[in-house]
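An overview of the molecular structure
Residues per chain, in single letters:
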Number of protein chains: 2
Amino acid sequence: MGKITASISTSVDGFIAGPNDGPGRGLGEGGTALHSWVFGGPWDYDEGPKGEATGEDKAFLDAAMADLGAVVAGRWTYEAAEHWGGTNPWGLPVFIVTHRPEEQPPGDDFRFVGSLAEAVDLARNAAGDKVVNIMGGADVIRQALASGVVEELTIIVAPIVLGRGKRLFDGFENRVELEHLGVRQSPFATFIDYRVKRA
Amino acid sequence: MGKITASISTSVDGFIAGPNDGPGRGLGEGGTALHSWVFGGPWDYDEGPKGEATGEDKAFLDAAMADLGAVVAGRWTYEAAEHWGGTNPWGLPVFIVTHRPEEQPPGDDFRFVGSLAEAVDLARNAAGDKVVNIMGGADVIRQALASGVVEELTIIVAPIVLGRGKRLFDGFENRVELEHLGVRQSPFATFIDYRVKRA
């Protein structure tokens, strides 16, 4: 059976978005620097991203994509990403955790599921031997870490202190021991791969 | 003139100590893992640290010590470290930032100073061409970052989520842009070196 991984970009002070994140400003005010690594450099909401990942950023993405079998995301992430324009960009099963699964849009690009546990079960079956990646947001990753389902965690730290926004570990009070799997760095991010130790 | 650096160990969720840090438990409850890298592995308050830094941990320490000209620390750090037994362990000028400089102990192992700005000025003069390192705690590093005096920042991330304690960036609302200088990793820590960009 495939692995369950979680990965998310944060600032040095642990924010996964600046203030007031939502549709049209998925990373919040001042938060685009969190995803400079995805787009090959700085970008803004008005003009949108222009470039592509290169170097270590591309190496990380390519390795992640090569093993990927299914994706789990939270409803807020889905909304903030503006439903990825209504089309699943991965070409792989994507499960959206939501309190309102009945709002599932037509088609099966995105499958709405009522709980994280159920989403992970469905994703695991869909992924077969491949990886299930929990891509965020913060709330879904906190739930996944607290439930003990995450086997590997990648924290992607952008070189910025944001000062304000939505913290990955806000309200998370569990102790979780980790083990290093490796680190890589580009001009735009430091990727730290951890194995989650069983208690 | 020498550089002003700041460096501190944190958990993955950004805590520099577990709850209830103080004398005899300088890293708070459950916080000793933050300094496993200093002592070559896990340790506890009862038995104290036994080992020494090796490999990448030692390389980081050796490089830091080679350039060091003076140290600035906060009063809480000084108290939590139990005054380093009353003897300056660096053999270099150490300035302690405190609201009560009149409590300076006899001798000049530790020089009590009434503000961070004053401590940095004195340390800079004492260090000459060498580095002034602001070693923490969190409050002193936040003040130093907010005042713009820090030229290089090293975040030393231990592979643990603590869940509770004292956050490095708690209450810090400034935006600070950084640039990567490099990264190294041992089994016990990931050392991320940043240059602080001028606004």
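In this report, the structure presented in the accompanying data block is examined. What you see is a predicted model, and the numbers here were worked out from it, not measured in a lab.

1. Side note on the overall build of chain A
- For chain A, the helix and strand inventory stands at 5 helices and 11 strands.
- The C-alpha atoms of chain A give a radius of gyration of 16 Å, which matches the 16 Å a tight globule of 199 residues would have.
- Across the 199 residues of chain A, 50% fall into the buried class.
- At a minimum sequence separation of 6, the contacts of chain A that also span at least 24 residues come to 63%.

2. Re the interface of chain A and chain B
- Each partner contributes to the interface: chain A provides 33 residues, whereas chain B provides 33 residues.
- Interface area, chain A with chain B, both sides summed: about 2,700 Å², of which 60% is carbon and sulfur.
- Looking only at chain A, the three residues that lose the most surface to chain B are A:Val161, A:Arg175 and A:His180, adding up to 23% of its buried area.
- The tally of links from chain A across to chain B stands at 0 salt bridges.
- Taken together, the elements giving at least two residues each to the side of chain A that touches chain B come down to strand 7 (152-157), strand 8 (160-161), strand 10 (176-185) and strand 11 (190-196) of chain A.
- Per-element tally for the side of chain A that touches chain B: the top contributor is strand 10 of chain A, with 8 residues.
- Residue classes in the side of chain A that touches chain B are distributed as 17 nonpolar, 8 polar and 8 charged.
- Bridging between strand 10 of chain A and strand 8 (residues 160-161) of chain B involves 2 bridges; their strand directions are antiparallel. Across the sheet, residue A:Val176 finds its bridge partner in strand 8 of chain B, namely B:Val161.

3. Topic: the pairing of strand 7 (residues 152-157) of chain B
All names here are of chain B.
- Judged by how many residues are buried, strand 7 sits mostly within the fold: 5 of 6 residues are covered.
- Bridge count for strand 1 (residues 4-10) against strand 7 is 6 bridges, and the pairing is parallel. When the bridges of strand 7 are listed, Ala6 appears paired with Leu153.
- By the bridge criterion, 6 bridges tie strand 7 to strand 11 (residues 190-196) in an arrangement that is antiparallel. If you follow Ile156 over to strand 11, its bridge partner there is Phe191.

Conventions adopted
Residues numbered from 1 in each chain as written. Chains lettered and ligands numbered in written order. Predicted model: local features only at pLDDT ≥ 70, side-chain atom pairs only at ≥ 80, totals over all residues. Heavy atoms only, no water. Helix = DSSP H or I, 4+ residues; strand = E, 2+ residues; numbered from the N terminus. Rg over C-alpha atoms; globule rule 2.2 N^0.38 Å. Buried < 20%, exposed > 50% of the residue type's maximum accessible area, 1.4 Å probe, protein only. Contact = heavy atoms within 4.5 Å. Buried area = accessible area lost by both parts, 1.4 Å probe. Salt bridge = Lys/Arg side-chain N within 4 Å of Asp/Glu carboxyl O. Nonpolar A, V, L, I, M, F, W, Y, C, P; charged D, E, K, R; others polar. Pairing = 2+ DSSP bridges.

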